[in-house]
Amino acid sequence: MADMTSSNDSDSDIKKLPVNTDEIQIEKLAVNTDDNDLTVQSKKVRIQTASYLAITLWVILAVVVVAHIAATIWISIDPDWYLKPSLTGSIDINSIEPETLNKLIELQKLQKESLASANTILNESAKTIYTFLGTLVTGVTGYYFTKVEEKGD
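Residues numbered from 1 in each chain as written. Predicted model: local features only at pLDDT ≥ 70, side-chain atom pairs only at ≥ 80, totals over all residues. Heavy atoms only, no water.

A. A look at the packing of aromatic side chains. Under the defined criterion, the tally for this structure stands at one aromatic pair. With 5.2 Å between their ring centres and 65° between their planes, Y144 and F145 make a pair best called edge-to-face. (Phe/Tyr/Trp six-rings, centres within 6.5 Å; stacked < 30°, edge-to-face > 60°.)

Structure below.
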């Protein structure tokens with residue numbers, strides 16, 4: 001029975017202990033400091049992510065521009081040197097039947113028209129890509145600079 005009274009006495013002693021409010025305030029300050037560290041860390045992560053994304057998007061935009069220019073130049077060059085109809089070379093044009101010659105000439109015209117329409121399609125597609133990608137690159141870059149400015153404050 002002595003054991004039970006001693007345990008009851010210790011429980012009542014705990015209840016009677018005064019609460020130290022200074023310790024509670026120190027704990028709150030410690031929590032606030034950790035929150036500030038998390039905020040600083042999250043800002044750093046946001047800035048790093050925005051910078052990597054902006055750099056990547058600028059590189060993608062540059063690759064798209066270069067590919068568009070290269071494709072336009074390739075399509076715009078006089079196609080006679082790479083379409084290679086049978087009218088050139090060591091073949092004597094006079095030995096070809098007129099029907100076959102007309103078919104070859106018609107085929108060459110169709111190929112040139114196809115290249116012209118391909119150039120039109122390429123330019124229309126590029127307009128759409130530039131509109132989307134340019135807006136995206138501008139937005140991400142603006143976000144990056146905004147976050148860097150906020151970090152400076």
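Continuing now.
B. Looking closely at helix α4 (residues 98-152). Taking 1.5 Å per residue as the helical rise, α4 with its 55 residues ought to reach 81 Å, and the 79 Å between its terminal C-alpha atoms agrees with that figure. Residues of α4 that are buried include every one of L101, L104, Q108, L115, N119, A126, L133, V137, V140, T141 and K147, and no others. (Helix = DSSP H or I, 4+ residues; strand = E, 2+ residues; numbered from the N terminus. Expected span 1.5 Å × (residues − 1). Buried < 20%, exposed > 50% of the residue type's maximum accessible area, 1.4 Å probe, protein only.)

C. Structural detail: the side chain of N119. By the element assignment, N119 lies in helix α4. A relative accessible area of 17% means that N119 is categorised as buried. The residues touching N119, leaving out its near neighbours within four places in the chain, are T72, I75 and S76. (Contact = heavy atoms within 4.5 Å.)

D. Spatial organisation of the nonpolar core. Membership of the largest hydrophobic core is limited to six residues, which are A54, L57, L61, L133, V137 and V140. At the level of elements, α2 (21-76) and α4 are the ones that each hand at least two residues to this core. (Core = buried A, V, L, I, M, F, W, Y, C linked by side-chain atoms within 4.5 Å.)

E. Structural context of a nonpolar patch on the surface. Side chains of V65, I69, I73 and I77 sit close together on the surface and give an oily, nonpolar patch of about 300 Å² of accessible area. Take V65: it is sitting in helix α2. (Patch = residues over 30% accessible without salt bridge, like charges linked within 9 Å, V, L, I, M, F, W, Y side chains within 5 Å. Areas by Shrake-Rupley, 256 points an atom, 1.4 Å probe, with all protein chains shown as cover. Salt bridge = Lys/Arg side-chain N within 4 Å of Asp/Glu carboxyl O.)

F. Spotlight on the side chain of T141. By the element assignment, T141 lies in helix α4. In this structure T141 comes out as buried when scored by relative accessible area, which is 15%. Not counting chain neighbours up to four residues away, the residues in contact with T141 comprise A54 and W58.

G. Highlighting the confidence of the model for the protein. In the predicted model, the protein carries a mean pLDDT of 75, and the fraction of residues at 70 or more is 63%. Looking over the protein, one finds the lowest element-wise mean pLDDT in helix α1 (residues 2-16), namely 52, and the highest in α4, namely 86. (pLDDT = per-residue confidence, 0-100.)

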